[in-house]
Every structure is written in structure tokens, then in C-alpha cells.
Amino acid sequence: MITKEILKSLPKGVQGPNYDINTIKNGILHFGVGNFFRAHEAFYVDQILKDDPEWGIVGVGLTGSERSKKKAEEFQKQDCLYSLTEVAPDGGRSVRVIGALRDYIMAPEDPEAVLKHLVDPAIRIVSMTITEGGYNINETTDEFDLDNQNVQNDLKNPENPSTVFGYVVEGLRRRREAGVPAFTVMSCDNLRHNGNVAHKAFLGYAKARDPELAAWIKENAAFPNSMVDRITPSVSQEIRDRLDKEIGLPDDLPVVAEDFHQWVLEDRFANGRPALEKVGVQFVDDVTGYEQVKVRMLNASHIMLCFPAVLLGYEYVHEAVKDADLRANVETFLNKDVIPTIKAPPGVSLEKYRDSVLSRFSNAAVGDQTLRIAGDGSSKIQVFWTDTVRKALEGKSDIARIAFGMASYLEMLRGVNEKGDHYTPNEPTFKDAQWVLAKSDDFTTALGLPAFDAWRDLDTAALDQKVVENRKIIREKGVKAALPAR
Ligand code: CS2
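It should be emphasised that the depicted structure is a prediction, and the values quoted were computed from it without experimental measurement.

Cut-offs used in this document
Residues numbered from 1 in each chain as written. Predicted model: local features only at pLDDT ≥ 70, side-chain atom pairs only at ≥ 80, totals over all residues. Heavy atoms only, no water. Helix = DSSP H or I, 4+ residues; strand = E, 2+ residues; numbered from the N terminus. Rg over C-alpha atoms; globule rule 2.2 N^0.38 Å. Buried < 20%, exposed > 50% of the residue type's maximum accessible area, 1.4 Å probe, protein only. Contact = heavy atoms within 4.5 Å. Areas by Shrake-Rupley, 256 points an atom, 1.4 Å probe, with all protein chains shown as cover. Lys, Arg positive; Asp, Glu negative; His and termini not counted. Charge placed at Lys NZ, Arg CZ, Asp CG, Glu CD. Near = heavy atom within 4 Å. Polar contact = N/O pair within 3.5 Å; in protein donor to acceptor, adjacent residues only side chain to side chain. Nonpolar A, V, L, I, M, F, W, Y, C, P; charged D, E, K, R; others polar. Domains from an automatic or database assignment. Buried area = accessible area lost by both parts, 1.4 Å probe. Salt bridge = Lys/Arg side-chain N within 4 Å of Asp/Glu carboxyl O. Arc of directions from axis to C-beta. Axes fitted to C-alpha atoms, helices over the stretch in contact; angles between N-to-C directions. Left-handed = near helix turned anticlockwise from the far one by under 90°. Expected span 1.5 Å × (residues − 1). 1 Å grid on protein atoms, 1.4 Å probe; cavity = no way out; pocket = protein on both sides within 12 Å on 5 of 7 lines; lining within 4 Å. Points joined across faces, edges and corners; volume = space filled by probe spheres on them. Pairing = 2+ DSSP bridges.

Colleague: Kindly report on the overall build of the protein chain, identifying the contributing residues and their values.
Modeller: If you tally the helices and strands in the protein chain, you get 20 helices and 12 strands. Rg of the C-alpha trace for the protein chain: 22 Å, near the compact-globule value of 23 Å for 486 residues, within the 12% margin. Projected onto its principal axes, the C-alpha positions of the protein chain cover 60 × 55 × 45 Å. For the protein chain, buried positions account for 57% of its 486 residues. When contacts within the protein chain are restricted to residue pairs at least 6 apart in sequence, those whose partners lie at least 24 apart make up 78%. Of the accessible surface of the protein chain, which amounts to about 19,900 Å², a share of 47% is contributed by carbon and sulfur atoms. With 60 positive and 73 negative side-chain charges, the protein chain shows a separation of 2 Å between the mean positions of the two kinds.

What follows is the structure in C-alpha cells.
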């Protein structure tokens, strides 16, 4: 267990906070304290606290599951401290203890504690990593989904919320009433225009609650777009134990990440911000080009690689990218389907970006899991592939690789690989109805899944037929037999 005490005698080679954690004040509240947030936003903020101790972070977990309870206890026990191990492709690593997270609240246990922070004038940014599918946008209408049961519950009982939308809007209502300036809502999810999506979601909820409040939020809060990047795998008990042993730091909450990290952020804050430019965050007027490159190249090829990789029985991403056939398929996908339809931001070479992505996937020390990448495929396909699929359907590229990717995804959802091993596919947005479609024996039925809704206004007959053909080949002859010609 890491504690404040241990900071005084960290093992050799482990860097501790270069500031006194007892002097840090909280200026950010963050929803969704996952590994990515801990290796990314908290890592950046940690480096500015010495000069600017006003920006400590209060973390909030929204679920009340047993797992979340355990995590909350671990955070409390460790004074919210944890180690971040950054690993380079050559195996070199550096370890630091991050102190930026200064408090952790499990929202269902103490909703008022969250609201108290949200109304505190010292909290000037509310950030979030709530996943690509977490913004409750209806795929068909492209609007905030007011029919969602949890949203309905919050609208009926707005002063005692349970969703992120309910919390943020109630916090802003109380600020308005108390004459406290609004905060910035900063989405750090891998979405195109994540700030605009957040704006749509929070304003959608606010309008349904009280149009006047919505107008005040629109006028006073800010929703900057950002591009966030750092590969951060899941950490198993086995990895925890290994890290403890190798580093000599007993940590119940370690995070591992690649050495690469990038954050491009629009400089549109309502109520001040930390001087993140001092620690490498790129502030730009318009993040669109950067997001497009990141999401359509890195994230899109991650799932193009990992859906078939799971079927082939590869556990790790670096193993999958070593498979010459899978790698070639991803390269062709990038070269023929993606790069020709992307406009690179000034100074960015898409060819170099492609090579760096493939080399990052090869980083064996990261040990990233194919099942982590394949998880929540439904939301990821919509966000990462839609533009590319639409271009293909408009005749700008071949549908072969997309069809293979879709077929691999659907076959992957069956939960059994080519070696006959079973695994549990993770689709957090699926209800029973989606699982019924996914598990149907009929190869066409699953084409009705929401993952593919975003291009249904176009003529998809040829694509759908190809997906069905690919599924048959995968089922009868295996994934490799279905790989498109290069
Ligand atoms: C991955 C991302 O989950 C995924 O599909 O592509 O988690 C990826 O590792 C990060 O976006 C890297 O920044």
C-alpha cells in the first residue's frame, strides 16, 4: 500500500511528487477515474502542481458496484496516491508516484458530497472519461436520449441525481443560484468533437429540466474539444504483483502506460485553467484535424486489428500486430481506406503517423489486451469507423476491409475463438434485445445492431452481403481465409 508516509522513502528510481501534497487545493472534479485518466490527465496535472497548487483533482465514481466499492476503499487507504509505470518499446521504464488525485468519492454513497464540490467556487473544471458510449446520444436521431431510464429518473428527481448529466446540471444550477461562476466541462473521451458532443448531451438534459437554466449554461459554461492519446492497458492482479516485486513499491492501484502521450486541447475555458502548455499540452483553436487523425487512424485500426485477433486467440496487441497477415490488413486499411480521405493538420505526416501507430501497437512492455480493445465495440465502431465506411459506400474506397472488420466483430461477439476457448465479450451498451440479434444463427440478423446504424441512410446492400459472406468463411474456414486480398 502506498501512503503519504512512503513518499518520504521511495525505492530508488521511483520519482515522487515534486510538491507537498498537503498544500494542494482542489480545482478539478473528474468523473470516471479509470486507468486512462490516471495515466493521462492526472499525469499532466501532476507536473504543474508545484507551480500551481490550485488544481488538485477530486475523482468521482458513478457506479455503486462491488468492484467500485473496492476501488474506493483502495483509494482512501492509499491517500489517493498511485504509481504510474511508463514503458518504452525497448523495455526501458520509469516509475513515478502521482499525487494529483487528492480525493475520491463514490457518488452513490454520498451524492451530496459530489454536489458540494460541484458548487464550490474553487472547482473550475469538471472533466470526464465516461467512454465513447457514455454520452447517451441516440444513434438514429443524433440527439440526447431523454427516454433513457436513468435520465428519466434524474429528471423526476433532479436534486438527487445519479447520472453524470444530472450531477453536472444540478451543480451548475446551484452555482447559478449562489452567484458562483460556471465551470468548464472538459470531455477527455475518444470522440470526434468530444466537447461538442458533451455540449449536446449536457444541454439536452438541461433543456429538458429547465430551459432557462440551459440558456444560462450555454452562455456561461464552456465545452472545449480535445484529442487525448496514451495507450493504457488493464492491470491484472498478476501484473500488480510483478510490479510490486520489481519496483519494490507496494501499490494496490498501479497504472501502466506506454511512454508516448499527447493532448491537444482547444483553449476555450470558462473559468481559468492550469498552465498545461508548460508540460506539453498543445493548445489550438480547432482540434478537428488532430481528432480525425487519432480516431480514424489509431483507434480505428486498433479495432480492425483486435476483432480478428481475439478470434485467432491472440491475447495481446503486440502479438496480434506481429501476425503478418493481420498487420498487412491494417496497413492496407490505413493506406487505401483511411489516409486518402483524411485531411492532415498542418505539420502532420499521415504516413509517419501510420508508422508510429503500428510501432506503438508493437510495444510488448505495455502488454495491452486484445479483449480490452475489442470491448464496447458497438460504441467504438460508430465513433471510429463511420466516416471511413461512409466514404467506402460512396465509392471512394473498397468495402472489402470494412466488411471483414464488421464480420470479425460479429463473430467475435459469439465469445469463442478458433482454438475453441471461451471468453466474455464486453458490450456495456447492450441490453437483451441486442444480444438476441448478436447471437442469432442467421448471419444477417446481427446487421440490425446499433453499431452499424450510422450509415443506414446509404445503400448498404453490397456491404451487408459481403459481411454475410465473410461471416460464413470465418465460420467455415477461419479468419485467415476471410482476409481481403492486399
Ligand atoms: C483503444 C484506446 O479502447 C480502444 O479502442 O483504441 O483505448 C486507445 O488505447 C487509446 O485511445 C490510446 O490513446
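Colleague: I'd like to hear about the site of the ligand, residue by residue, with values.
Modeller: Around the ligand sit Asn190, Asp229, Arg230, Ile231, Lys294, Asn299, His302, Arg372, Ile373, Lys380 and Phe384, and that is every residue in its neighbourhood. At 2.8 Å, a side-chain N or O of Lys380 approaches an oxygen atom of the ligand. Going through the elements one at a time, α10 (288–312), α14 (370–374) and α15 (377–384) are the ones with two or more residues in the shell around the ligand. With three residues, α10 is the largest single contributor of residues to the shell around the ligand. Tallied by class, the residues present in the shell around the ligand amount to three nonpolar, three polar and five charged.

Colleague: Describe unusual backbone geometry, with residues and values.
Modeller: Residue Asn136 is not a glycine yet carries a positive backbone phi of 55 degrees. Overall, the relative accessible area of 11% leaves Asn136 in the buried class.

Colleague: I'd like a rundown of the domain arrangement of the protein chain, residues and numbers included.
Modeller: Assigned domains within the protein chain: domain 1 (6–284) and domain 2 (288–482). Contact residues are listed per partner, giving 31 residues for domain 1 and 29 residues for domain 2. Carbon and sulfur atoms supply 56% of the area buried between domain 1 and domain 2, which totals about 2,400 Å² over both sides. Contact with domain 2 buries area across many residues of domain 1, yet Glu139, Arg192 and Ile231 alone supply 28% of it, more than any other trio. Its salt-bridge partner being Glu258, residue Arg360 comes within 2.5 Å of it at the nearest N-O pair. In this assembly, domain 1 and domain 2 are joined by eight residue pairs in polar contact (both at pLDDT 80 or more).

Colleague: Talk me through helix α9 (residues 237–247); I want residue IDs and the actual numbers.
Modeller: Within α9, the full set of buried residues consists of Ile239, Arg240, Leu243 and Ile247. Summarising the axial view, the buried residues of α9 lie within an arc of 105 degrees, below the 170-degree limit, and thus occupy one face. The exposed set on the far side of α9, more than 90 degrees from its buried face, consists of Glu238 and Lys245. Each element contacted by the buried residues of α9 is listed here: β1 (14–15), α3 (66–77), β4 (82–87), β5 (93–98) and β10 (255–258).

Colleague: Before we move on, can you summarise the packing of α10 against helix α12 (residues 324–338) with the specific residues and values?
Modeller: For the pair α10 and α12, the least separation of the axes is 10 Å and the interaxial angle reads 150 degrees. The interaxial crossing formed by α10 with α12 has right-handed handedness. Listed contacts from α12 to Arg296, Met297, Ala300, Ser301, Met304, Leu305, Pro308, Ala309 and Leu312 of α10 are Leu326, Asn329, Val330, Phe333, Leu334, Asp337 and Val338. Tallied by class, residues from the contact of α10 with α12 come to 12 nonpolar, two polar and two charged.

Colleague: Any details on the side chain of Ser68? Residues and values, ideally.
Modeller: Inspection of the secondary structure assignment puts Ser68 in helix α3. Given a relative accessible area of 11%, Ser68 falls into the buried group. In terms of polar contacts, Ser68 uses its side chain to reach the side chain of Thr63, at 2.7 Å. Every residue in contact with Ser68, bar those within four places of it in the chain, is listed here: Thr63 and Met106.

Colleague: Tell me about helix α17 (residues 400–412), and name the residues and values.
Modeller: For α17, built from 13 residues, the straight-helix expectation of 18 Å at 1.5 Å per residue is met to within 8% by its first-to-last C-alpha distance of 18 Å. For α17, a buried count of 13 out of 13 residues is recorded, marking the element as mostly surrounded by other parts of the structure.

Colleague: An account of the layout of surface pockets is requested, with residue identities and associated values reported.
Modeller: Reported here for the second largest pocket is a volume of approximately 540 Å³. Lining the second largest pocket are 29 residues, and of these Ile239, Glu315, Tyr316, Gly367 and Gln369 sit closest to its centre. Within the residue set of the lining of the second largest pocket, elements represented by two or more residues are β4, α9, α10 and α14. The dominant element in the lining of the second largest pocket, judged by the number of residues it contributes, is α9, at five residues. When its residues are assigned to classes, the lining of the second largest pocket shows 14 nonpolar, 10 polar and five charged. Here the lining of the second largest pocket gathers at least three residues from each of two domains, domain 1 (6–284) and domain 2 (288–482).

Colleague: Could you give an account of the sheet that holds strand β11 (residues 262–266), with specific residues and numbers?
Modeller: The strand order across the open sheet built from three strands is β9-β11-β12, with neighbouring strands paired in mixed fashion. Both outer strands of the open sheet, β9 (226–229) and β12 (282–284), are each paired with one neighbouring strand and no more. Averaged over all pairs of adjacent strands, the angle between strand axes in this sheet comes to 20 degrees, irrespective of strand direction. Relative to β12, β11 is paired through three bridges, and the arrangement is parallel. Paired with Leu265 across the two strands is Phe283, which belongs to β12. Its contacts with the sheet put α10 on β9, β11 and β12, and the angle it makes with β9 is roughly 40 degrees.

Colleague: Account for the pattern of salt bridges, with residues named and values stated.
Modeller: Pairing of side chains with opposite charge becomes possible as their charged atoms draw close. Tallied over the entire structure, the rule returns 36 salt bridges. Here Arg242 ties to Glu246 by a salt bridge, and the two come within 3.7 Å at their closest N and O atoms. Taken together, the residues span about one helical turn, with Arg242 and Glu246 both in helix α9 at a distance of four residues. The exposure class assigned to Glu246 is partly exposed, which follows from its relative accessible area of 42%. Taken together, the salt bridges that share partners define one network made up of Glu112, Glu170, Arg173, Arg174, Glu177 and Arg209.

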